[in-house]
Amino acid sequence: MKQNLLGATCLSLAASIWGGMYVVSKYVLEFVPPFTLMWLRYMIAFAFLVAILKTCRVKKRNEVIIKKRDWLLLAWIGFIGYFVSIAFQFIGTKLADAHTGALITSVTPAFTIIFAKFVLKERLTIVKVMALLLATCGVVVVIGIDITFDTYLLGVIILVGAAITWAVLSVYVKIASQHYSTLFITTYSILCAFIFTTPVMLWELQVYDVYVQSSLIILGITYLGLVSTAGAFFLWNKGMEIMDAGVGSLFFLFQPIVGSLLGWVLLSEELNISFFIGGILILTGVVVGNFQKRK
């Protein structure tokens with residue numbers, strides 16, 4: 001039960017941080033193009049995490065030897081999750097809109113449960129399906145369904161790709177955690193994502209200008225690197241290490257809820273009764289999925 005609580009706390013914090021990330025990103029992206037911002041996030045996050053990792057190794061006086069096949073696993077996590085999925089979120093949201101993006105990417109838990117069944121051999125129980133349906137219905141109620149899919153079809157397809165690739169990440173993080181610590185997986189997966197992002201960032205700089213004269217922009221980039229990337233990625237990976245991938249993925253649905261709340265508080269966006277009804281459905285789904293009886 002204590003492990004479940006720790007896992008739930010880590011996943012809730014990670015999803016909540018990502019929900020609030022959009023407020024900061026919306027401001028910074030006015031001055032820094034998306035792939036360049038990704039590159040800066042990963043550079044800051046890797047520098048911070050590798051310093052912590054080396055400090056922990058010195059204290060424990062041990063050195064981790066990475067097998068060749070495990071390097072491929074870490075590279076796969078960095079590529080499919082931290083490079084492809086995040087890029088799809090940027091591109092899909094730009095082609096569609098933030099409202100559509102929040103709705104489409106919230107189906108990530110459905111894909112995670114499917115992949116967890118076939119890759120991790122996790123049982124697809126009735127409780128998991130009920131929890132997923134409750135939480136997903138809650139997100140639909142909160143965000144609404146007044147979306148013209150025909151206008152943004154390409155964006156919608158790309159956003160579905162973002163949801164699928166993040167689900168793949170969650171499953172393979174679970175596999176990697178059988179051999180390496182969460183800190184280790186997060187650090188070197190971000191390094192791989194940094195490498196994959198570099199050529200795209202260099203191309204982007206030939207097309208777009210970057211403006212970082214303001215201290216607020218620098219502070220925003222630093223926040224995205226340390227908190228939204230290093231901190232949130234670590235918390236998500238830790239939570240997925242502790243919990244079943246299918247159940248843990250339900251906490252991803254906190255992201256649009258927190259984003260809506262912060263939009264209400266910081267951007268004076270209006271919240272109606274559907275927000276609170278949907279929020280109750282999401283919380284109910286997460287509780288049902290998290291505290292199911294285990295043999």
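Residues numbered from 1 in each chain as written. Predicted model: local features only at pLDDT ≥ 70, side-chain atom pairs only at ≥ 80, totals over all residues. Heavy atoms only, no water.

Draft legend 1. Fine view of the packing of helix 8 (residues 182-207) against helix 9 (residues 215-242). Helix 9 packs onto helix 8 with a crossing angle of 130° between their chain directions and a minimal axis gap of 9 Å. It follows that helix 8 is oblique to helix 9 by the angle criterion. With respect to the hand of their crossing, helix 8 and helix 9 are arranged in right-handed fashion. Listed contacts from helix 9 to Thr 182, Leu 183, Ile 185, Thr 186 and Ile 190 of helix 8 are Thr 229, Ala 230, Phe 233, Phe 234, Asn 237, Lys 238 and Glu 241. Within the contact of helix 8 with helix 9, the residues separate by chemical class into 6 nonpolar, 4 polar and 2 charged. (Axes fitted to C-alpha atoms, helices over the stretch in contact; angles between N-to-C directions. Helix = DSSP H or I, 4+ residues; strand = E, 2+ residues; numbered from the N terminus. Parallel < 35°, antiparallel > 145°, perpendicular 65-115°, else oblique. Left-handed = near helix turned anticlockwise from the far one by under 90°. Contact = heavy atoms within 4.5 Å. Nonpolar A, V, L, I, M, F, W, Y, C, P; charged D, E, K, R; others polar.)

Draft legend 2. Geometry of a nonpolar patch on the surface. A cluster of nonpolar side chains, Leu 202, Leu 205, Val 210, Val 212 and Ile 218, forms an exposed patch at the surface whose accessible area comes to about 370 Å². Tracing the sequence through the fold places Val 212 in the loop between helix 8 and helix 9. (Patch = residues over 30% accessible without salt bridge, like charges linked within 9 Å, V, L, I, M, F, W, Y side chains within 5 Å. Areas by Shrake-Rupley, 256 points an atom, 1.4 Å probe, with all protein chains shown as cover. Salt bridge = Lys/Arg side-chain N within 4 Å of Asp/Glu carboxyl O.)

Draft legend 3. Examining the packing of aromatic side chains more closely. Tallied over the full model, the rule gives 15 aromatic pairs. Ring plane angle 70° and centroid distance 5.1 Å describe the contact between Phe 79 and Phe 196, whose orientation is recorded as edge-to-face. Remark: Phe 196 occurs in helix 8 and Phe 79 occurs in helix 3 (residues 68-95); sequence separation between them is 117 residues. For Phe 79, a relative accessible area of 30% corresponds to the partly exposed category. Aromatic pair Phe 184 and Tyr 188: ring centres 4.8 Å apart, planes at 45°, arrangement tilted. On the criterion of helical spacing, the pair formed by Phe 184 and Tyr 188 is a turn pair, its members being 4 residues apart in helix 8. (Phe/Tyr/Trp six-rings, centres within 6.5 Å; stacked < 30°, edge-to-face > 60°. Buried < 20%, exposed > 50% of the residue type's maximum accessible area, 1.4 Å probe, protein only.)

Draft legend 4. Geometry of the nonpolar core. Counting 60 residues, the largest nonpolar core has Trp 18, Tyr 42, Ile 77, Tyr 82, Trp 166, Ile 221 and Trp 236 as its most contacted members. Filtering out sequence-adjacent residues up to four positions away, Trp 18 remains in contact with Trp 166, Ser 228, Ala 232, Phe 233, Trp 236, Phe 252 and Gln 255. (Core = buried A, V, L, I, M, F, W, Y, C linked by side-chain atoms within 4.5 Å.)

Draft legend 5. Up close: helix 5 (residues 108-119). Over its 12 residues, helix 5 extends 16 Å from the first C-alpha to the last, a length consistent with the 16 Å expected when each residue adds 1.5 Å. Within the sequence span of helix 5, burial applies to Thr 108, Pro 109, Thr 112, Ile 113 and Ala 116. Seen end-on, helix 5 carries its buried residues on one side only, within an arc spanning 135°. Just past helix 5, the residue Lys 121 takes up positive phi, approximately 60°. (Expected span 1.5 Å × (residues − 1). Arc of directions from axis to C-beta.)

Draft legend 6. Geometry of helix 9. Between the first and last C-alpha of helix 9 there are 39 Å, a value that for 28 residues agrees with the 40 Å anticipated at 1.5 Å per step. Maximum bend of helix 9: about 30°, positioned at Leu 224. (Bend = angle between axes of the 7 residues up to and from the residue.)

Draft legend 7. Focus on the side chain of Thr 197. With respect to the element layout, Thr 197 can be found in helix 8. On the accessibility criterion, Thr 197 (0% relative accessible area) is buried. Excluding residues that lie within four positions of it along the chain, Thr 197 makes contacts with Phe 35, Met 38, Trp 39, Tyr 42 and Phe 83.

The quantities given are spatial measurements derived from coordinates; they are silent on function.
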